[in-house]
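# Analysis of the macromolecular model
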Amino acid sequence: MGMRILVTGLGTFWGSHLAQRLEAHPDVEMIVGLDTEEPVLPLERTEFVKADSNYSILDRIVRATQVDTILHTHLVVGSTELPGRALHEINVIGTMNLLAAAGAAGSPVRKVIVKSSTLTYGANYKDPYFFRESMPRTRAPRTRVERSLLEAASFVRDFAIDNPHVTVTKLRFTNVLGDDVTTAFSRALRLPIVPEILGFDPRLQFTHEDDVTGALVYATRNDVPGVFNIAGDGTLPWSEVCAIVGRRRIPLPPLLTQWAVEPLRLARIIDLPPEVLSLLRYGRAVDNSPFKRTGFRYQYSTAGTVDAFARSLRLETAVGSNSPSYRYERDVETFFRHSPAIVRDQG
Amino acid sequence: MTELPESDADATPPANPPTNPVTSPVTPIVDLTEAESQVARMVALVPAPRPDRPERLDLEPGETDIRRGDVDAYGRSEHMREIARRLYDPMYRHWFRAEWEGLEHIPDDGGALLVANHAGAIPADAPVIMHGIETELERPVYGLAENLFRAIPFVGTMWSRLGGVAAHPDNAYRLLKDDRQLVLVFPEGTKGTGKVYRDRYKLHRFGRAGFIEIAMRSGVPVIPIAVVGNEEAMPIMFKSRRLAALTNLPYFPITANMMAFGPLGAAMYFPSKFRIRVLPPVYLDVAPDQERYPRAQVMADSDRIRDAIQDALYDMLRTRRSVWFG
């Protein structure tokens, strides 16, 4: 019997992309996706359930669909993406309810994969140059998003202890760049002049968006219990990242940086949340070797990721935005999936 | 699950970066072979990718056409080091007139933890040792230091590019074990540099001997280094506790240099003669990568190395005729 998979956050970039990649695998029998928003990509056979963000109906869905694998991609990793209340609701309450449903008595779930972020390590001058998965952060979290991710992480840890029969994988992803995804860094690097903090040139790592979905699919199809860092090989100084992308830099003052970026935010030029500012000051790198030792191969190194991003940016400047636009239409999707008029198994 | 073929296992090191022999050496060249060897030395100092270590977090073979700089995984840039070496060379050669003995104790290959005595309000020992080994042995040296540097704009970046690494045990372990590099550490720390002139050449305690545990865990030898001359380059006469509290520094020194040259003395060394003796490597008789090591053994090894450096210092001072001429 193939895998029966539940994907949370199907309406987000990651949920949709992941579902699209999983659909291509014949050993995946069924995918059901959950979100308040509609999918952003055309999906062939994923069933979409529109549900409120804290997953209160999860218990019913898990039992009714008999899913054996849960892919929790719906953790928000940018502090300014959502108001604090919604962030807490999604990251903390959402994760809690999801794991409660997965761990309920008689639950068919045998595997839980959580897409988290290396934000949980923070960025500080006391940090080791490469965080191993077991290393604690060196400064208490200051932003709401970091606190909520840490709280979600503690739920995942408890769940793994309470449910030894479930394979729990938590992947901590580093700053993502790619052709389609929008992150704080991709926004910053799209500016004609890229901000830096005067006197600082931190070491950073990047992960390509294809490696993000690749790692999640890999964890779905193989049993790799534990916490793993995901980052492209190597590190790059921020100045070199900007050089590869072909951008000049503008310095922000090293003192009161938070105030200096406020006008930029108000003018809607760029929103640099506090966790990104501390990355631009101290940088962060993680040890990515444990996940590689499980057999996973990256397609891109850190420099390769930045280079690929630079290429797609050049194409975009030449021909304009080329990301495919798609609008989910319930009736159309239902027709293609369930109508007897559709001829299935066409070879 | 099938193991994919090792793609970078058979990768060849990238071609030597183009080096212009006309601009590279500034020191007068006696003959052409020496010029060639200087160029070769500068090329050799660029750490070549090691195909046997696929998880090395460094310049990947296929990335030579992407990368715009040569900053490595620890923030060190060989290019910046080369410039710094060129600028520092007159200081090293003509001001401190550094002389080495026992350099053969430092291996040409593989990790080793260099342990030296530390002194001076702004210690001159770290740049002299790093410069000396890099020019003589053509090997990079990473110097462990207080992580506070990282928080200071410009200084932190410069310090990192020139081979400074925050003294986190895991950073040292990676450098020694995974990347097989030379790591320089001053176990006395700021207690050594903050010592006043009348305590010269008396080693302070070696902290909690964390450096021994790092060497044990990474399975590398400890190489003790005794430096004479550094204590007279910028000696501290008094320390102001009030100014230290005010400036948030570990100590606020009033140096003899400041007394002699006024404010200029804050950045000016006396031309004391540097003699550096490298002692035979100490191999720690334990298995690497243990969870913990017996405290008693760690302390005993730390004391053994401390005593070796102290004895060497006294021995060298016995034969020293002049602070300025050695």
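Residues numbered from 1 in each chain as written. Chains lettered and ligands numbered in written order. Predicted model: local features only at pLDDT ≥ 70, side-chain atom pairs only at ≥ 80, totals over all residues. Heavy atoms only, no water.

Two strands in a sheet stick together by hydrogen bonds in their backbones, pointing the same way (parallel) or opposite ways (antiparallel). Residue and element names in this part refer to chain A. Read across the sheet, seven strands follow the order 3-2-1-4-5-6-11 without closing on themselves; strand pairing throughout is parallel. For this open sheet the edge positions go to strand 3 (47-50) and strand 11 (226-230), each flanked by a neighbour on one side alone. Neighbour-to-neighbour, the strand axes of this sheet turn through a mean angle of 20°, independent of strand direction. When strand 4 (residues 69-72) meets strand 5 (residues 111-117), the two strands line up parallel, connected through four bridges. (Pairing = 2+ DSSP bridges. Helix = DSSP H or I, 4+ residues; strand = E, 2+ residues; numbered from the N terminus. Axes fitted to C-alpha atoms, helices over the stretch in contact; angles between N-to-C directions.)

A word on the environment of Leu114 of chain B. As for its position among the elements, Leu114 of chain B is in strand 2 (residues 112-116). The contact partners of Leu114 of chain B, leaving out residues within four places of it in the chain, are Ile106, Ile133, Val141, Leu182, Val183, Leu184, Val185, Ile223 and Ile225 of chain B. (Contact = heavy atoms within 4.5 Å.)

Of all residues in chain B, 80% attain a pLDDT of 70 or more, and the chain-wide mean is 83. Of the regions scoring below 50 in pLDDT, residues 1-59 of chain B engages in 67 contacts with residues more than four places distant in sequence or in other chains. (pLDDT = per-residue confidence, 0-100.)

Quick look at unusual backbone geometry now. Of note, the phi angle at Arg268 of chain A is positive, near 60°, even though the residue is not glycine. Mapping Arg268 of chain A onto the fold places it in the loop between helix 9 (262-266) and helix 10 (274-282). Positive phi, close to 60°, is recorded for Tyr201 of chain B, a residue that is not glycine. In this fold, Tyr201 of chain B is placed in the loop between helix 6 (190-193) and helix 7 (210-218). Exposure remark for Tyr201 of chain B: the relative accessible area of 3% places this residue in the buried category. (Buried < 20%, exposed > 50% of the residue type's maximum accessible area, 1.4 Å probe, protein only.)

Below, the discussion takes up the packing of helix 3 (residues 84-102) of chain A against helix 4 (residues 144-162) of chain A. When two helices pack together, their arrangement is given by the angle between the helix axes and the distance between those axes. Residue and element names in this part refer to chain A. With their axes 9 Å apart at the nearest point, helix 3 and helix 4 run at an angle of 5° to one another. Taken together, helix 3 and helix 4 sit at an angle that is classed as roughly parallel. Between helix 3 and helix 4, the residues in contact are Gly84, Leu87, Asn91, Val92, Thr95, Met96, Leu99 and Ala102 and Arg144, Val145, Ser148, Leu149, Glu151, Ala152, Phe155, Val156 and Phe159, respectively. (Parallel < 35°, antiparallel > 145°, perpendicular 65-115°, else oblique.)

This brings us to the side chain of Arg161 of chain B. Summarising the element assignment, Arg161 of chain B is placed in helix 4 (residues 155-161). Separated by 3.1 Å, the side chain of Arg161 of chain B and the backbone oxygen of Asp201 of chain A make a polar contact. For Arg161 of chain B, the side chain forms a polar contact with the main-chain oxygen of Gly75 of chain B, separated by 3.0 Å. Aside from chain neighbours lying at most four places away, what touches Arg161 of chain B is Asp201 and Pro237 of chain A together with Val71, Gly75, Arg76, Ser77, Met80 and Arg81 of chain B. (Polar contact = N/O pair within 3.5 Å; in protein donor to acceptor, adjacent residues only side chain to side chain.)

This next bit is on the sheet that holds strand 4 (residues 164-166) of chain B. Residue and element names in this part refer to chain B. As summarised here, the arrangement of the seven strands in space is 1-9-6-2-5-3-4, forming an open sheet in which the pairing is mixed. Lying at the two open borders of the sheet, with one neighbouring strand each, are strand 1 (99-101) and strand 4. Taken pair by pair, the neighbouring strands of this sheet meet at an average axis angle of 30°, ignoring direction. Two strands pair when backbone bridges link them, and strand 2 and strand 6 (residues 222-228) are joined in this way by four bridges, in the parallel orientation. Bridge pairing in strand 6 places Leu114 opposite Ile223. Packed on one face of the sheet, helix 5 (residues 169-178) meets strand 2, strand 3 (141-145), strand 4 and strand 5 (182-185) and runs near 130° to strand 4. Together, strand 2, strand 6 and strand 9 (275-278) form the strand contacts of helix 10 (residues 295-319), whose direction differs from that of strand 6 by roughly 30°.

Contacts between the two partners involve 38 residues from chain A and, on the opposite side, 39 residues from chain B. Summed over both partners, the interface of chain A with chain B buries about 3,100 Å², with 54% contributed by carbon and sulfur atoms. Sorting the residues of chain A by area buried against chain B places Tyr125, Tyr129 and Arg297 of chain A first, and these three jointly supply 24% of that buried surface. For Arg174 of chain B, the salt bridge goes to Asp287 of chain A, with nearest N and O atoms at 2.8 Å. Our count for the contact surface shared by chain A and chain B stands at 15 residue pairs in polar contact (both at pLDDT 80 or more). Taken together, the elements giving at least two residues each to the side of chain A that touches chain B come down to strand 12 (236-237), helix 7 (238-245), helix 11 (289-293) and helix 12 (302-319) of chain A. Of the residues belonging to the side of chain A that touches chain B, the class tally is 15 nonpolar, twelve polar and eleven charged. (Buried area = accessible area lost by both parts, 1.4 Å probe. Salt bridge = Lys/Arg side-chain N within 4 Å of Asp/Glu carboxyl O. Nonpolar A, V, L, I, M, F, W, Y, C, P; charged D, E, K, R; others polar.)

Attention now goes to a nonpolar patch on the surface. On the surface, Leu255, Leu256 and Trp259 of chain A cluster together into a nonpolar patch covering about 430 Å² of accessible area. With respect to the helices, strands and loops of the structure, Leu256 of chain A is situated in the loop between strand 13 (248-252) and helix 8 (257-260). (Patch = residues over 30% accessible without salt bridge, like charges linked within 9 Å, V, L, I, M, F, W, Y side chains within 5 Å. Areas by Shrake-Rupley, 256 points an atom, 1.4 Å probe, with all protein chains shown as cover.)

The next subject is the pattern of salt bridges. If you walk through the whole model with that rule in mind, you get 39 salt bridges over all chains. Notably, a salt bridge pairs Arg265 of chain A with Glu262 of chain A, separated by 2.7 Å at the nearest N-O pair. Remark: Glu262 of chain A and Arg265 of chain A occur in helix 9; sequence separation between them is three residues, near one turn of the helix. Close ionic contact of Glu213 of chain B with Arg295 of chain B constitutes a salt bridge, the shortest N to O distance being 3.3 Å. Of this pair, Glu213 of chain B sits in helix 7 while Arg295 of chain B sits in helix 10, and the two are 82 residues apart along the sequence. Residue Glu213 of chain B is classed as buried on the basis of its relative accessible area, which comes to 18%. Connected through salt bridges with shared partners, the residues Arg132 and Asp287 of chain A together with Asp170, Arg174 and Asp178 of chain B form a single ionic network.

According to the stated counting rule, one finds 22 aromatic pairs over all chains in the structure shown. Judged by centre distance (6.0 Å) and plane angle (55°), the ring pair of Tyr125 of chain A and Tyr282 of chain A falls under tilted. Residue Tyr125 of chain A is found in the loop between strand 5 and helix 4, and its partner Tyr282 of chain A is found in helix 10; the two are separated by 157 residues along the sequence. A ring pair is formed by Phe185 of chain A and Trp238 of chain A, whose centres lie 5.5 Å apart and whose planes are at 65°; its orientation type is edge-to-face. With Phe185 of chain A in helix 5 (residues 184-190) and Trp238 of chain A in helix 7, this pair connects stretches of sequence that are 53 residues apart. Like Trp238 of chain A, Phe185 of chain A is buried. One aromatic cluster in this structure is built from Tyr218, Phe228, Phe291, Phe296 and Tyr298 of chain A. Lying over the aromatic face of Phe130 of chain A, Arg203 of chain A brings its terminal NZ or CZ to 5.1 Å of the ring centre. If you follow Arg76 of chain B out to its NZ or CZ, it ends over the ring of Tyr142 of chain B, 5.6 Å from the centre. (Phe/Tyr/Trp six-rings, centres within 6.5 Å; stacked < 30°, edge-to-face > 60°. Lys NZ or Arg CZ within 6 Å of the ring centre and 35° of its normal.)

Turning to the side chain of Lys111 of chain A, a few remarks are in order. All names here are of chain A. Inspection of the secondary structure assignment puts Lys111 in strand 5. Taking the relative accessible area as the measure of exposure, Lys111 reaches 7% and is therefore buried. One polar contact links Lys111 to Asp223, side chain to side chain, over a distance of 2.9 Å. Dropping the residues within four chain positions of it, Lys111 is found in contact with Asp68, Thr69, Ile70, Val166, Thr167, Ala219, Thr220, Arg221, Asn222 and Asp223.

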